[in-house]
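Architecture and fold: a report
Each chain, written out:
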Amino acid sequence: MRQLIPPQFSSLRQVFPVPPSDADSERLDREFEIDGSWNTNYIVLLVSSCAIATFGLISNSTAVIIGAMLVAPLMLPLRALAFAALEGNLRLFRKAAIAIVAGTAISILLSGLIGAIANIPTFGSEITSRTQPNLVDLGIAVAAGGISGFAKIRKGISDALAGTAISVALMPPLCVVGLAFSQKVWSFSQGAFLLYLTNLLGITVACMTVFTWFGYTKANRSFGLALAFTGVLFLPLGANFLQLLQQARLQAAIEKTLRNKTVTISQEGVELVDKRVNWSAKPVPIIYLLIDLDATDSDDAPEITPRQVGLVQELIVQEMGRPLKLIFVIDEVRQISADDETKTQSPQPVPGEPLKLKLEKPPK
């Protein structure tokens with residue numbers, strides 16, 4: 001195909017694959033033999049990256065989790081596995097598969113052990129964000145795998161940088177599996193393992209596509225099997241994606257309702273701090289609105305009545321077209337100074353004037 005492109009478009013010709021030389025093929029074979037090996041270097045890097053990622057998840061530190069990419073080695077045997085499957089190299093395939101399976105087991109066990117020792121009371125956003133994979137995660141895995149496969153066969157691109165950067169997408173989900181398992185949160189463990197399988201298959205299929213497209217090997221039955229297994233993941237990933245869209249729509253409806261001119265909760269001493277939604281609540285989702293009441297004087301302490309909450313809930317239900325429950329969580333803030341000798345801090349809100357909210361029903 002390159003020969004059909006005019007010389008004046010020489011830069012465009014670089015995009016199309018060139019059949020590899022025998023030397024290139026031999027070099028790739030030698031490198032994959034090393035990448036798929038189960039050796040001391042692989043074990044040390046695996047344990048180190050698992051520990052770093054686990055501590056980053058526990059501390060909810062994005063920077064620490066990203067730091068795990070510098071030593072994570074899981075990408076190396078995964079690319080070797082993809083190449084061996086296309087080549088029909090059973091010895092290399094078996095060696096790479098052992099490295100992947102053993103590395104997966106060690107990572108889950110080590111992160112679970114750390115989680116059991118730490119006994120973390122709650123899970124941060126870095127953990128929960130890896131428990132509901134969807135089609136977007138599959139797309140990211142395919143794109144990442146394509147970059148990694150391209151870096152492996154293309155001169156001028158740092159293969160080490162591409163491989164380690166993508167490995168971080170493999171290690172944190174495994175660590176989440178172990179942490180959730182140690183705390184007996186089975187739903188999180190299952191979701192994180194589904195994310196790991198999604199990344200594993202997405203990267204494998206992408207690497208196979210790149211190796212085939214650039215002529216280093218030919219597509220065979222194993223390529224079709226990898227596509228079939230990836231296709232099976234479309235069912236749970238698609239369901240999670242639809243649920244994500246519903247959640248985004250509900251969040252937008254909540255924002256719209258709270259900003260509506262007929263609903264105002266912003267006044268002096270009253271502030272909407274945060275909102276949370278419990279999607280797994282039965283029989284309907286529960287929306288929690290955290291309200292901060294700054295009560296400097298007990299006589300001025302605002303009050304939110306059940307009727308007001310009910311009106312806001314009705315407006316959100318009308319906007320969404322589905323049933324749900326609304327709960328206002330009141331957090332009173334009392335300001336106390338040395339001059340207020342006669343004042344004491346009360347843990348409960350002090351009734352006072354009703355909160356002046358415009359909660360009339362909007363005209364039909």
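This structure is a prediction, so every number in the text was calculated from the model and none was measured.

**Topic: a negative patch on the surface**
Together, Asp22, Glu26, Asp29 and Glu87 make up a negatively charged patch on the protein surface. Top element by residues in the negative patch is helix α2 (residues 22-35). It accounts for 3 residues. Mapping Asp22 onto the fold places it in helix α2.

**Concerning the UniProt feature "transmembrane region" (unreviewed entry) in the protein chain**
With numbering aligned to this structure, UniProt lists the feature "transmembrane region" (unreviewed entry) at residues 40-58, 64-86, 98-123, 135-153, 160-181, 193-216 and 223-242. Along residues 135-153 the backbone is 100% helical and 0% strand, and the end-to-end C-alpha distance reaches 28 Å. Secondary structure over residues 193-216 splits into 88% helix and 0% strand, and the C-alpha atoms at its two ends are 32 Å apart.

**Description of the packing of helix α5 (residues 75-87) against helix α6 (residues 90-118)**
Between α5 and α6, whose axes approach to 8 Å, the crossing angle comes to 150°. In terms of orientation, α5 lies roughly antiparallel with respect to α6. Every pair of crossing elements has a handedness; the one defined by α5 and α6 is left-handed. Counted together, Pro77, Leu78, Ala80, Leu81, Ala84 and Ala85 of α5 and Leu92, Phe93, Ala96, Ala97, Ala99 and Ile100 of α6 form the full contact between these two elements.

**Section: the confidence of the model for the protein chain**
This prediction gives the protein chain a mean pLDDT of 78; 74% of its residues lie at or above 70. Within the protein chain, the element-level pLDDT minimum falls on helix α1 (residues 10-13), averaging 52, and the maximum on α6, averaging 93. Overall, residues 1-5 carries pLDDT values under 50, and its contacts beyond four positions in sequence, including any with other chains, amount to 8 contacts.

**Quick word on the environment of Leu326**
On the secondary structure map, Leu326 appears in strand β3 (residues 325-333). Between the alpha carbons of Leu326 and Val277 there is a distance of 9.3 Å; along the sequence they are 49 residues apart. Residues contacting Leu326, with those up to four places away along its chain left out, are Ile287, Leu289, Val309, Val312, Gln313 and Ile316.

What counts and how
- Residues numbered from 1 in each chain as written.
- Predicted model: local features only at pLDDT ≥ 70, side-chain atom pairs only at ≥ 80, totals over all residues.
- Heavy atoms only, no water.
- Patch = residues over 30% accessible without salt bridge, like charges linked within 9 Å, V, L, I, M, F, W, Y side chains within 5 Å.
- Areas by Shrake-Rupley, 256 points an atom, 1.4 Å probe, with all protein chains shown as cover.
- Salt bridge = Lys/Arg side-chain N within 4 Å of Asp/Glu carboxyl O.
- Lys, Arg positive; Asp, Glu negative; His and termini not counted.
- Charge placed at Lys NZ, Arg CZ, Asp CG, Glu CD.
- Helix = DSSP H or I, 4+ residues; strand = E, 2+ residues; numbered from the N terminus.
- UniProt positions renumbered as here; feature names shortened; annotations may be inferred.
- Axes fitted to C-alpha atoms, helices over the stretch in contact; angles between N-to-C directions.
- Parallel < 35°, antiparallel > 145°, perpendicular 65-115°, else oblique.
- Left-handed = near helix turned anticlockwise from the far one by under 90°.
- Contact = heavy atoms within 4.5 Å.
- pLDDT = per-residue confidence, 0-100.

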